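Residue strings, one per chain:
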Amino acid sequence: MDCSRSGAVVCSGAVIESGAIVGSGAVVCSRAVVCSGAIVVSGAVVGRGAVIRSGKVVGSGAIVGSGAVICSGAVVRSGAVICCGAFVGSSAVIRCGTVVGSGAVIRSGAVVGSGAVVGSRVLVGSGAVVQSFGVVQLSGLVQS
């Protein structure tokens, strides 16, 4: 059964730790965990089993897929889509309108520019920059 937390939809089985902020209109699906210090802004969706550590899911339309992990200090901007099972490392920045494919790994400090597409199972190395509207497809490695 869904419950309401300041206008947010938090599904049964989801865990919202004390000190986490879940904005009005946000959706947190079952088995998802939003850790203390994390911010899930209005209109964002956190999928089943996703984990949001002290990172931020910012802006209306940001989607974090089932089983994805967003680490401490990471920022996911408006309209970004983090697909199922993807991993976003600490202090990484995922800009507006970006798509990070299933199982992709964005390591700490990496920046993925606005509108970029990172394909499934791609590894973006620590500190690397994927240019705005760039496309990284197939399994591969992007390093700084």
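Residues numbered from 1 in each chain as written. Predicted model: local features only at pLDDT ≥ 70, side-chain atom pairs only at ≥ 80, totals over all residues. Heavy atoms only, no water.

Summarise the overall build of the protein chain; cite the residues concerned and give the values.
Of regular secondary structure, the protein chain possesses zero helices and 24 strands. Burial statistics for the protein chain: of 144 residues in total, 43% are counted as buried. Counting contacts in the protein chain only where the partners sit at least 6 residues apart, residues at least 24 apart contribute 0% of the total. On the protein chain, roughly 6,100 Å² of surface is accessible, and the fraction owed to carbon and sulfur atoms is 56%. (Helix = DSSP H or I, 4+ residues; strand = E, 2+ residues; numbered from the N terminus. Buried < 20%, exposed > 50% of the residue type's maximum accessible area, 1.4 Å probe, protein only. Contact = heavy atoms within 4.5 Å. Areas by Shrake-Rupley, 256 points an atom, 1.4 Å probe, with all protein chains shown as cover.)

Any details on the confidence of the model for the protein chain? Residues and values, ideally.
Confidence along the protein chain averages 89 in pLDDT terms, with 90% of residues attaining 70 or more. Within the protein chain, strand 1 (residues 3-5) has the poorest average pLDDT of any element, 48, and strand 15 (residues 87-88) the best, 97. (pLDDT = per-residue confidence, 0-100.)

Pulling in residues and values, what's your account of the side chain of Ser 30?
Structurally, the position occupied by Ser 30 is in the loop between strand 5 (27-28) and strand 6 (33-34). Not counting residues up to four positions away in its chain, the partners in contact with Ser 30 are Cys 11, Ser 12, Gly 13, Ala 14, Arg 48 and Gly 49.

Give me the sheet that holds strand 13 (residues 75-76): which residues, what numbers.
Across the sheet, seven strands lie side by side as 4-7-10-13-16-19-22; this open sheet has parallel pairing. Edge positions in the open sheet fall to strand 4 (21-22) and strand 22 (129-130), since each of these has one partner strand only. When strand 10 (residues 56-57) meets strand 13, the two strands line up parallel, connected through two bridges. By the bridge assignment, Val 57 is partnered in strand 13 with Val 76. (Pairing = 2+ DSSP bridges.)

Go over the environment of Arg 107, please, and point to the residues and values.
Here Arg 107 shows up in the loop between strand 18 (105-106) and strand 19 (111-112). Distance from Arg 107 to Ser 90, taken between C-alpha atoms, is 7.3 Å for residues 17 residues apart in sequence.

Hey, could you go over unusual backbone geometry for me, with residue numbers and the actual values?
Most peptide bonds are trans, and most residues other than glycine sit at a negative phi. With phi around 65°, Arg 31 is a residue other than glycine that occupies positive phi space. With respect to the secondary-structure elements, Arg 31 resides in the loop between strand 5 and strand 6. The exposed category is assigned to Arg 31, whose relative accessible area is 58%. Its identity as a non-glycine residue notwithstanding, Ser 91 has a phi of 60°, on the positive side. Along the polypeptide, Ser 91 turns up in the loop between strand 15 and strand 16 (93-94).

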